[in-house]
Amino acid sequence: TAKFMDPTMGNAFTELVPSIFELYRDGDMEASFACLGMVAGRIDEVEPVAEIIARTVEEFGAVIGRLARDHGVATVTTGDGRTPAV
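Colleague: Can you break down the overall build of the protein chain residue by residue, with the values?
Modeller: Helix and strand counts for the protein chain stand at three helices and zero strands. Order of helices (α) and strands (β) in the protein chain, N terminus to C terminus: α-α-α. Looking at the protein chain as a whole, 13% of its 86 residues are labelled buried. Restricting to contacts in the protein chain with at least 6 residues of sequence separation, those with at least 24 account for 8%. Counting only carbon and sulfur atoms, one obtains 62% of the accessible surface of the protein chain, whose full area is about 7100 Å².

Here it is, written out as structure tokens:
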């Protein structure tokens, strides 16, 4: 894809679109252009999905616990029977 940095070297769209399956299916980052969007610049690290899910569940439990406390609900437990930190 480096040659397409210079517009006189060819038409990136017509040359790279046919190989887009090689990019997304096969992971060949040189086969085509990846559509990442503006959020790609906000990615600071790649984490294991298990860590992301565990952190999300923990944060959810904390929010539910705070809401329960703020609204007078006596006890809140998670699906696995734990009482989340408040």
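Further notes follow.
Colleague: Any details on a nonpolar patch on the surface? Residues and values, ideally.
Modeller: On the surface, a cluster of nonpolar side chains totalling about 270 Å² of accessible area is made up of Val49, Ile53 and Val57. Tracing the chain through its elements places valine 57 in helix 3 (residues 49–70). You can call valine 57 partly exposed: its relative accessible area is 42%.

Colleague: Talk me through the side chain of serine 19; I want residue IDs and the actual numbers.
Modeller: Inspection of the secondary structure assignment puts serine 19 in the loop between helix 1 (12–16) and helix 2 (20–24). Since its relative accessible area comes to 11%, serine 19 is described here as buried. Leaving out residues up to four positions away in the same chain, serine 19 has contacts with Ala31 and Ser32.

Colleague: Tell me about the pattern of salt bridges, residues and numbers included.
Modeller: Applying the stated criterion across every chain, the model contains four salt bridges. Between aspartate 26 and arginine 25 there is a salt bridge, and its shortest N-O distance comes to 2.9 Å. The exposed category is assigned to arginine 25, whose relative accessible area is 60%. Close ionic contact of arginine 66 with aspartate 70 constitutes a salt bridge, the shortest N to O distance being 3.7 Å. Of this pair, arginine 66 and aspartate 70 both sit in helix 3, four residues apart, roughly one helical turn. With relative accessibility at 44%, the residue aspartate 70 sits in the partly exposed group. Through salt bridges with shared partners, one network takes in Arg66, Arg69 and Asp70.

About the thresholds
- Residues numbered from 1 in each chain as written.
- Predicted model: local features only at pLDDT ≥ 70, side-chain atom pairs only at ≥ 80, totals over all residues.
- Heavy atoms only, no water.
- Helix = DSSP H or I, 4+ residues; strand = E, 2+ residues; numbered from the N terminus.
- Buried < 20%, exposed > 50% of the residue type's maximum accessible area, 1.4 Å probe, protein only.
- Contact = heavy atoms within 4.5 Å.
- Areas by Shrake-Rupley, 256 points an atom, 1.4 Å probe, with all protein chains shown as cover.
- Patch = residues over 30% accessible without salt bridge, like charges linked within 9 Å, V, L, I, M, F, W, Y side chains within 5 Å.
- Salt bridge = Lys/Arg side-chain N within 4 Å of Asp/Glu carboxyl O.

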